[in-house]
Amino acid sequence: MQQEDPNITLITPTAPVETARHGGRAKCLQRLVRLDLPVPETVALSFDAVHRIAAGNMPDMEKLLVPFGETPLLCVRPSSEDPDWGGPGAVLNIGMNDASYVDLADRLGQEAAATLYLRFVQSYAVHVARLDPDAFDEITLTGQEGLSEALRLYEEEAEEAFPQEPAVQLTAVLRSMARAWEGTTARLLRQAKGAPADAGLGLVVQRMALGLGQGECGSGVIQLVDVHTGLEQITGRYLSQSQGRDALEGEASLYLESDPRGPSLENTVPQAFADLIAHTRLMREKLREEMQAEFTLENGKIWLLDGVRVPRTARAAVRIAVRLAEDGIIPREEALMRVEPRALNELLHRQVDPEAEREVLARGIAASPGAAFGAIVFSAAEAQASAARGEPCVLVRRETSPEDIRGMHAAAAVLTERGGMTSHAAVIGRGLGLPCVVGASDMRFQIHKKVLSAPDGRVFHKGDMITIDGTDGEVLAGTPAMLEAATDDAFQTLMGWADDVRDIKVRANADTPDDAKTARNFNVDGIGLCRTEHMFFEADRLVVMREMIFADASEDRRAALERLLPMQRTDFTRLFRIMQGKPVCIRLLDPPLHEFLPHDRAGHRELAEALDLPLSDVTRRVEALGEYNPMLGMRGVRLGVTVPEIYDMQARAIFEATIEASKDGAPVVPEIMIPLVSAKREVEIVKTRIDAVAAAVHTETGQEIDYRLGVMVETPRAALRAGEIAPHCSFLSFGTNDLTQMTYGLSRDDAGRFMSDYVQQGVYAEDPFHTLDSDGVGELLEIGAQRGRDAQPDLVLSICGEHGGSPESIDFCRNAGFDYVSCSPFRVPVARLAAAQLAVSDKIG
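**As for the overall build of the protein chain**
Thought 1: Summing up its helical and strand segments, the protein chain has 34 helices and 30 strands in all.
Thought 2: With the C-alpha coordinates aligned to their principal axes, the bounding extent of the protein chain is approximately 105 × 60 × 55 Å.
Thought 3: Split into buried and exposed, the 845 residues of the protein chain put 55% on the buried side.
Thought 4: Sequence separation of 24 or more characterises 67% of the internal contacts of the protein chain that already satisfy a separation of 6 or more.
Thought 5: Of the roughly 35100 Å² of accessible surface on the protein chain, 48% is carried by carbon and sulfur atoms.
Thought 6: Of the charged side chains in the protein chain, 87 are positive and 127 negative; the average position of the first set lies 6 Å away from that of the second.

**Considerations on the sheet that holds strand β6 (residues 218-225)**
Thought 1: In spatial order, the strands read β7-β6-β8-β9; together these 4 strands make up an open sheet with antiparallel pairing. Pairing within the sheet leaves two strands with one partner each, and these edge strands are β7 (232-240) and β9 (301-309). In this sheet, adjacent strand axes meet at a mean angle of 20° when their direction is disregarded.
Thought 2: Taken together, the 7 bridges between β6 and β7 define a ladder with antiparallel strand orientation. For Val221, the partnering residue across the bridge sits in β7 and is Arg237.

**What about the sheet that holds strand β28 (residues 731-734)?**
Thought 1: The strand order around the closed barrel formed by 8 strands is β23-β24-β25-β26-β27-β28-β29-β30, and the pairing between neighbours is parallel. For this sheet, the mean angle separating the axes of adjacent strands, direction not counted, is 25°.
Thought 2: Direction of pairing for strand β26 (residues 671-674) relative to strand β27 (residues 708-713): parallel, over a ladder of 4 bridges. Bridging from a neighbouring strand, Met673 pairs with Gly710 of β27.
Thought 3: Lying on the sheet, helix α22 (residues 554-579) is in contact with β24 (527-531) and β25 (584-587); it crosses β25 at an angle near 155°.
Thought 4: Taken strand by strand, helix α34 (residues 828-844) contacts β23 (505-509) and β30 (820-823), and its axis lies near 165° from that of β23.

**Regarding helix α3 (residues 47-54)**
Thought 1: Taken together, the buried positions of α3 are Phe47, Ala49, Val50, Ile53 and Ala54. Looking straight down α3, one finds its buried side chains confined to an arc of 160°; they lie on one side.
Thought 2: Where the residues of α3 are buried, they touch β1 (8-10), α1 (19-22), β2 (42-45), β3 (74-80), α9 (166-181) and β5 (201-207).
Thought 3: Looking one or two residues beyond α3, the residue adopting positive phi is Gly56, at roughly 100°.

**Let's talk about the pairing of β3**
Thought 1: Most of β3 is tucked away, with 7 of its 7 residues classed as buried.
Thought 2: Side-chain alternation along β3 places Leu74, Val76, Pro78 and Ser80 on one buried face and Cys75, Arg77 and Ser79 on a second face that is also buried.
Thought 3: Strand direction decides the pairing type here: β3 and strand β4 (residues 91-94), joined by 2 bridges, are antiparallel. Along β4, the bridge assignment pairs Val76 with Val91.
Thought 4: Inspection of the sheet shows β3 paired to β5 by 7 bridges, in the antiparallel sense. Within the sheet, the bridge partner assigned to Ser79 lies in β5 and is Gly202.

**Quick word on the nonpolar core**
Thought 1: In this structure, Phe655, Leu732 and Phe734 are the most contacted members of the largest nonpolar core, which totals 124 residues.
Thought 2: No other element matches helix α26 (residues 644-663), which puts 10 residues into this core.
Thought 3: By size, the runner-up hydrophobic cluster in this structure holds 61 residues, among which are Ile94, Ala105, Met177 and Leu201.

**Some details on the side chain of Ser824**
Thought 1: Among the secondary structure elements, Ser824 is positioned in the loop between β30 and α34.
Thought 2: Its relative accessible area of 0% is what places Ser824 among the buried residues.
Thought 3: Contact partners of Ser824, with chain neighbours within four places excluded, come to Val427, Arg430, Gly431, Asn509 and Glu802.

**Things to note about the packing of helix α33 (residues 807-815) against α34**
Thought 1: Running from N to C, α33 and α34 point in directions that differ by 55°, and their axes come no closer than 9 Å. In terms of their interaxial angle, α33 and α34 are classed as oblique. Here α33 and α34 pass one another in a crossing that is right-handed. For the pair α33 and α34, contact is made by Pro807, Ile810, Asp811 and Arg814 and by Ala831, Ala834, Ala835, Leu838, Ala839 and Asp842, respectively.
Thought 2: Taken together, the residues that form the contact of α33 with α34 break down as 7 nonpolar, no polar and 3 charged.

**Digging into the pattern of salt bridges**
Thought 1: Within this structure, the stated rule accounts for 62 salt bridges.
Thought 2: Two residues, Asp525 and Arg502, come together in a salt bridge whose shortest N-O distance is 2.9 Å. A residue pair is termed long-range when its members are at least 10 positions apart, and Asp525 in the loop between α20 (513-521) and β24 and Arg502 in the loop between α19 (489-501) and β23 qualify at 23 residues.
Thought 3: On the basis of relative accessible area, Asp525 is assigned to the buried category, the value being 17%.
Thought 4: Given the relative accessible area of 14%, Arg502 is considered buried.
Thought 5: A salt bridge links Arg652 to Glu656; the shortest N-O distance between them is 3.0 Å. Here Arg652 and its partner Glu656 are both found in helix α26, 4 residues apart, which amounts to about one turn of the helix.

**A short note on helix α24 (residues 615-625)**
Thought 1: Those residues of α24 lying buried are Val618, Thr619 and Val622. Seen end-on, α24 carries its buried residues on one side only, within an arc spanning 100°. Every exposed residue of α24 that faces more than 90 degrees away from the buried side is listed here: Arg620 and Ala624.

**Digging into unusual backbone geometry**
Thought 1: Even without a glycine there, the phi angle at Asn299 is positive, about 55°.
Thought 2: With respect to the helices and strands, the residue Asn299 is situated in the loop between β8 (291-298) and β9.
Thought 3: Owing to a relative accessible area of 56%, Asn299 belongs among the exposed residues under this scheme.
Thought 4: The backbone phi angle of Leu676 is positive, close to 60°, even though this residue is not glycine.
Thought 5: Structurally, the position occupied by Leu676 is in the loop between β26 and α27 (680-701).
Thought 6: Using a relative accessible area of 0% as the deciding quantity, one classes Leu676 as buried.

About the cut-offs
- Residues numbered from 1 in each chain as written.
- Predicted model: local features only at pLDDT ≥ 70, side-chain atom pairs only at ≥ 80, totals over all residues.
- Heavy atoms only, no water.
- Helix = DSSP H or I, 4+ residues; strand = E, 2+ residues; numbered from the N terminus.
- Buried < 20%, exposed > 50% of the residue type's maximum accessible area, 1.4 Å probe, protein only.
- Contact = heavy atoms within 4.5 Å.
- Areas by Shrake-Rupley, 256 points an atom, 1.4 Å probe, with all protein chains shown as cover.
- Lys, Arg positive; Asp, Glu negative; His and termini not counted.
- Charge placed at Lys NZ, Arg CZ, Asp CG, Glu CD.
- Pairing = 2+ DSSP bridges.
- Axes fitted to C-alpha atoms, helices over the stretch in contact; angles between N-to-C directions.
- Arc of directions from axis to C-beta.
- Core = buried A, V, L, I, M, F, W, Y, C linked by side-chain atoms within 4.5 Å.
- Parallel < 35°, antiparallel > 145°, perpendicular 65-115°, else oblique.
- Left-handed = near helix turned anticlockwise from the far one by under 90°.
- Nonpolar A, V, L, I, M, F, W, Y, C, P; charged D, E, K, R; others polar.
- Salt bridge = Lys/Arg side-chain N within 4 Å of Asp/Glu carboxyl O.

Given below as structure tokens:
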């Protein structure tokens, strides 16, 4: 057969069967045949053959049927290149007719023969002849009576007798399955799963192993691991007197292993069970994968009908890959390549149980992975009060600001109406490991009325329970079952292997000692960004910060900052001690001062009381500090130049903390980063003052002060002028969040309103705040890196925006010669694995 037409191939050990031409199922069956496992005779039809069948060009059916003998009973199954793309359902018992019914009744018994024939008539009528499925589903009779009713109904509905020739039946089945695959609905469905529009379908025609008859007969599925955990466990079902995957649905299914809860296959036919286990273990070893086997038992003999890769959660995928490597079946490098880096989020955070019912209220942007439920609260104060009572809550805001930090720490999850992947809520949520959905604009947020309305009209009030799924970007009603995070021994082993091969360092963005502990637990290479502004929003510090902002004279500002100094010093000392000698990069204060002030009348009144000032003075001062475009206003290095006392205090706190932390641990060499630089002179001014502070601390303590000064490149001009900035610093760290904003002229907090439309219409290939724009923003990074290193060859280069945890960004940084990437603590494992996979890919070539 195969010599005459390679597109219609009897599967033998040497047949020219290829996944790219015949599909994954056909290739897997050939591998089982090569292992000398009991597989019924099978013929594979290639993608081209099936495409021709859909067009009406049928193969020679008589020749196709030759390998199966004179009175074949067959099944046809789909064989796509990727099993996840799906395909038409299998059709069983092709070849059943009046004559074969009589023959099988003599051999198997009338009941078994009638069941086989009835099942085929019903399947053929619905899926091939396209008759009314309800009519055939309503047949409740069984045996001979049910068969007679089905044949009568077929003739009535189709206006012709049920076809009796096997070749005619098989022709109709093949044509129906081929045309179903090429239909518009099927094409759209598989494209949604990632298949190309012209993806081909193969078909396999296989001799039936009946699963019904005398002796022990039945069908089932078996695998050797748990799909949720990846732990060794024989799982599956077996159902006597059944076919196909009936065992998965039958209430009378047997257990496989001996089980006190009921009868089992092992007890019923111990030899067949032993053979089945041996076959499945051989498949695992030789196919180098955990496999699920579909089998049929025919009078005590095992037949393997199919083998597919065991479906698995991310948690199971990690353990399976590690176990295969530890058992010597695959190398460690391949184990690393088998786990999707982003899938690690399922291990690092609680998730909604995949089997739980999901009542979706609305969808937004999946800004921070994980899931949590809690009572709705509408302010940071309410979140803190809820946490004090030990009650989980979901903080609901139009958008978050630095004032909401304490509420976010207290909440179990965050939901915002506005924002995108790099909005305040998204960035802080990822840093805290807090589930977060932003940009849920289909919902109506009435913050002052404390009401949240779903698109379907349902109204939720303060205290009502909802669930935030930050992995899928969904807002759910109620409290579905959860799966807990699981960074177990297999995860740690895989991460250790990743660290052995990766060639770029991974640091964490960590703003607090708790963030640093999380990062340290993930074996991070250091802190690449510590945003010091988040340290000022504690209640006791915020009051002092506001006093400093309201001070008119430099001396008054210094007096207020003196009170903040010990608090900053304590924070930095704890950071240095937690990191135990690993590098810590501290960004000096970045946000505009008005972000530390209250925005409503009640807040103004409280501030007036705290500062003992007239309310009118407070209101005027707040209004004076307001800016039309604060993102481009008085912030970053501009504060350091115009209000130098702030950076002076922070530098002293860093140096004094360095001395303190070095007393009982490894020497600390802090990295100080100047934000939002656009000109060389800004760096010169700030550097001069920081050097002066370092000299003063040295004079006071007698301790040498060693530190690294660097620039956060967030403006296009800084990237373009990197050649003149680099000689004044030790490192350049590209802040891709702001750099993307300024390059595109987009607000990251507002872009979510139209970004999906832009991506769908092809304006942007991806959301540039989610995936690094390697063409535009990337060119600025390359220009800055090249010009910086031309001026200073030892210049350390990194990115510290949220792009730092993206596999695509890490690939870009490796190719551009960057030294490290920095990302949120909970993205560190993702980045470590992605970096390892890129190194392995380069090694493989």
